[in-house]
Amino acid sequence: MNFKSNNPFLGNKNFSKPTVHSYSPDENSTLIDYGQEMTVSGTINKSFFMLLLLTATASLTWWLAFNGFNPLPLAIGGAIVGFILVLISSFRPQYSSYLAPAYALVEGLFIGGISAVFEAMYPGIVIQAVGATFVTFLVCFGLYKYQIVKVNEQFKSVVIAATLAVATYYLISWLLSMFTSFVPVHHGNSLMSIGISVVVIIIAALNLFLDFDLIEKGAKNRQPKYMEWFGAMGLMITLVWLYIEFLRLLSKLSSRN
């Protein structure tokens, strides 16, 4: 069975479908412009650009929060708009060059607002979560680059099954808590709750390997240039998830002190 990343972007079939170029050998023939094809370096560069955009708007909501404004409306609005952009881009990847930067901007509003709330409750937690996220990213990237961790079909199946299990658990817990007095076990600061957060962080980190692998395959299959934005957007989704989970874990640990 051919498993793909759970990420709605990087699991898109466009990554695994090679682009075929053809031309007639006459005087009207046009040579292929390989500069218009997806590359790994181009995807990485666009990921860094999106990170700058996200940081800019996150800084805005952070500043507003600590100057007397309620950051939650911006955070909630950013999350909703970001989700809509994710859905559009997953069905229309050719628009990713516009949707990906827009996603980074609105997701920054969400990240900045949530971060400000956590920072107000637990001073110093944000810099710890940021540091943990980037260290995890660099470690995973290094392990993948030097093929210490190889992404084979068995690896993919385990990671995707675990991710789907987490997503299902979160969804069921959210629905039960909305309509009943049920309190999800991952809430609070119990040892079990902390353990669940650790497991989820590991699963999120493992998704980075699937993301790297599918971006590399997209470049090898000579996908169109806009797929660099598509891949960068998918990678950003995973990093945002990882950062939020680190915030949750660190808040649980801080509340036990």
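Source: prediction; values computed, not measured. (Residues numbered from 1 in each chain as written. Predicted model: local features only at pLDDT ≥ 70, side-chain atom pairs only at ≥ 80, totals over all residues. Heavy atoms only, no water.)

Peer 1: Which residues make up a nonpolar patch on the surface, and what values go with them?
Peer 2: Together, Leu72, Ile76, Ile80, Phe83, Ile84, Leu87, Ile88 and Phe91 line one region of the surface with nonpolar side chains, adding up to about 780 Å² of accessible area. If you trace the backbone, Phe83 turns up in helix α2 (residues 72-91). Overall, the relative accessible area of 53% leaves Phe83 in the exposed class. (Patch = residues over 30% accessible without salt bridge, like charges linked within 9 Å, V, L, I, M, F, W, Y side chains within 5 Å. Areas by Shrake-Rupley, 256 points an atom, 1.4 Å probe, with all protein chains shown as cover. Salt bridge = Lys/Arg side-chain N within 4 Å of Asp/Glu carboxyl O. Helix = DSSP H or I, 4+ residues; strand = E, 2+ residues; numbered from the N terminus. Buried < 20%, exposed > 50% of the residue type's maximum accessible area, 1.4 Å probe, protein only.)

Peer 1: Outline helix α5 (residues 153-179), listing residues and values.
Peer 2: Along its 27 residues, α5 runs 39 Å from first to last C-alpha, staying within 8% of the 39 Å computed at 1.5 Å per residue. Residues of α5 that are buried include every one of Phe155, Lys156, Ser157, Val159, Ile160, Thr163, Val166 and Ser173, and no others. At its buried positions, α5 is contacted by α6 (191-220) and α7 (227-255). Its side-chain oxygen 3.3 Å from the backbone nitrogen of Gln154, Asn152 forms the N-cap of α5. (Expected span 1.5 Å × (residues − 1). Contact = heavy atoms within 4.5 Å. Polar contact = N/O pair within 3.5 Å; in protein donor to acceptor, adjacent residues only side chain to side chain.)

Peer 1: Any details on the side chain of Lys46? Residues and values, ideally.
Peer 2: You can see Lys46 is positioned in helix α1 (residues 40-65). On the basis of relative accessibility, which here comes to 16%, the residue Lys46 falls in the buried class. Among all residues touching Lys46, those that are not within four sequence positions of it are Lys225, Glu228, Trp229 and Ala232.

Peer 1: Before we move on, could you go through the packing of helix α4 (residues 125-145) against α7 and cite the residues and values that matter?
Peer 2: Where α4 meets α7, the closest approach of the two axes is 9 Å, and the angle between their N-to-C directions is 135°. The angle between α4 and α7 falls in the class oblique. Between α4 and α7 lies a crossing of right-handed hand. Contact residues: α4 offers Ile125, Val126, Gln128, Ala129, Val130, Ala132, Thr133, Thr136 and Phe137, while α7 offers Leu235, Leu239, Leu242, Tyr243, Phe246, Leu247, Leu250 and Ser251. Of the residues contributing to the contact of α4 with α7, the split by class is 13 nonpolar, 4 polar and no charged. (Axes fitted to C-alpha atoms, helices over the stretch in contact; angles between N-to-C directions. Parallel < 35°, antiparallel > 145°, perpendicular 65-115°, else oblique. Left-handed = near helix turned anticlockwise from the far one by under 90°. Nonpolar A, V, L, I, M, F, W, Y, C, P; charged D, E, K, R; others polar.)

Peer 1: Which residues make up unusual backbone geometry, and what values go with them?
Peer 2: Unlike most non-glycine residues, Gln147 shows phi in positive territory, near 55°. Take Gln147: it is sitting in the loop between α4 and α5. The exposed category is assigned to Gln147, whose relative accessible area is 54%. With phi around 55°, Arg222 is a residue other than glycine that occupies positive phi space.

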